[in-house]
Amino acid sequence: MIAPLVLLLVVVVFRVVLGIAGSADMTWLHNFSPVAAVALCGAVYLPRRVAWSLPLAILLLSDIALNLFHYHVPFFTMEILPRYFALAMIVGLGFALRGKVRITGMLAAALAGSLVFYVITNTGSWIGEPAYAKTFGGWLQALTTGLPGYPSTWFFYRNTLASDLIFTALFVGCMSFRAPAREPEHKLAPAPWA
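Draft legend 1. Molecular detail of the overall build of the protein. Tallying secondary structure elements over the protein gives 8 helices and 0 strands in all. Element order for the protein, N to C, with α for helix and β for strand: α-α-α-α-α-α-α-α. In the protein, buried positions account for 40% of the 194 residues. Summarising the internal contacts of the protein: among those between residues at least 6 apart in sequence, 67% fall at separations of at least 24. When the accessible area of the protein is evaluated, it comes to approximately 11100 Å², of which 73% is carbon and sulfur surface.

Here it is as structure tokens:
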């Protein structure tokens, strides 16, 4: 149980530090985060209870730190719900991969997860942001160019996709190099009749 808690702390600190360090420069590493990779890989490798709670706790703690103490915006807005919903869907995708871990499948799932996150969160922004026209054209704007004065949403998706692929590959790599579990001593000794 120590490893998931350490992972939670590391990812929260990573997301908060990156958010604070790059907040003045919108062209930096916005949306470069290991949260979705933890959601996907955690659902594959961790016990079910931890697999659901860990990524949501990471997102919750880092959202509180960033929104309330750095950006000084309300924690709860209508745009926050799609992020949690998208993350829960990525956990579900990870559960579908349990027992079928191959690096190509995990990277394909990371690609699918980042696309799901992108569409759901930008659709949520389109619904919640008054600056977007509530038309098909406004939805396309939310998915492509975004709002004037900000980088395009494609830019943010590029960072999301890159971080999802990189952190998923790192997670899978670390899990494939972990030490195998030791057999109990009583299983190692030959049977007396053998």
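Draft legend 2. Structural detail: the packing of aromatic side chains. Per the stated rule, a full pass over the model turns up 8 aromatic pairs. Between the aromatic rings of F155 and F156, the centroid separation amounts to 5.4 Å while the plane-to-plane angle is 70°, which identifies the pairing as edge-to-face. Classification of F155 by relative accessible area gives buried; the value is 14%. You can call F156 buried: its relative accessible area is 17%. Ring pairing ties together the aromatic residues F14, F32 and F167, which thus form one cluster. Geometry around F95 places R48 over its ring, the cationic atom sitting 4.7 Å from the centre.

What counts as what
- Residues numbered from 1 in each chain as written.
- Predicted model: local features only at pLDDT ≥ 70, side-chain atom pairs only at ≥ 80, totals over all residues.
- Heavy atoms only, no water.
- Helix = DSSP H or I, 4+ residues; strand = E, 2+ residues; numbered from the N terminus.
- Buried < 20%, exposed > 50% of the residue type's maximum accessible area, 1.4 Å probe, protein only.
- Contact = heavy atoms within 4.5 Å.
- Areas by Shrake-Rupley, 256 points an atom, 1.4 Å probe, with all protein chains shown as cover.
- Phe/Tyr/Trp six-rings, centres within 6.5 Å; stacked < 30°, edge-to-face > 60°.
- Lys NZ or Arg CZ within 6 Å of the ring centre and 35° of its normal.

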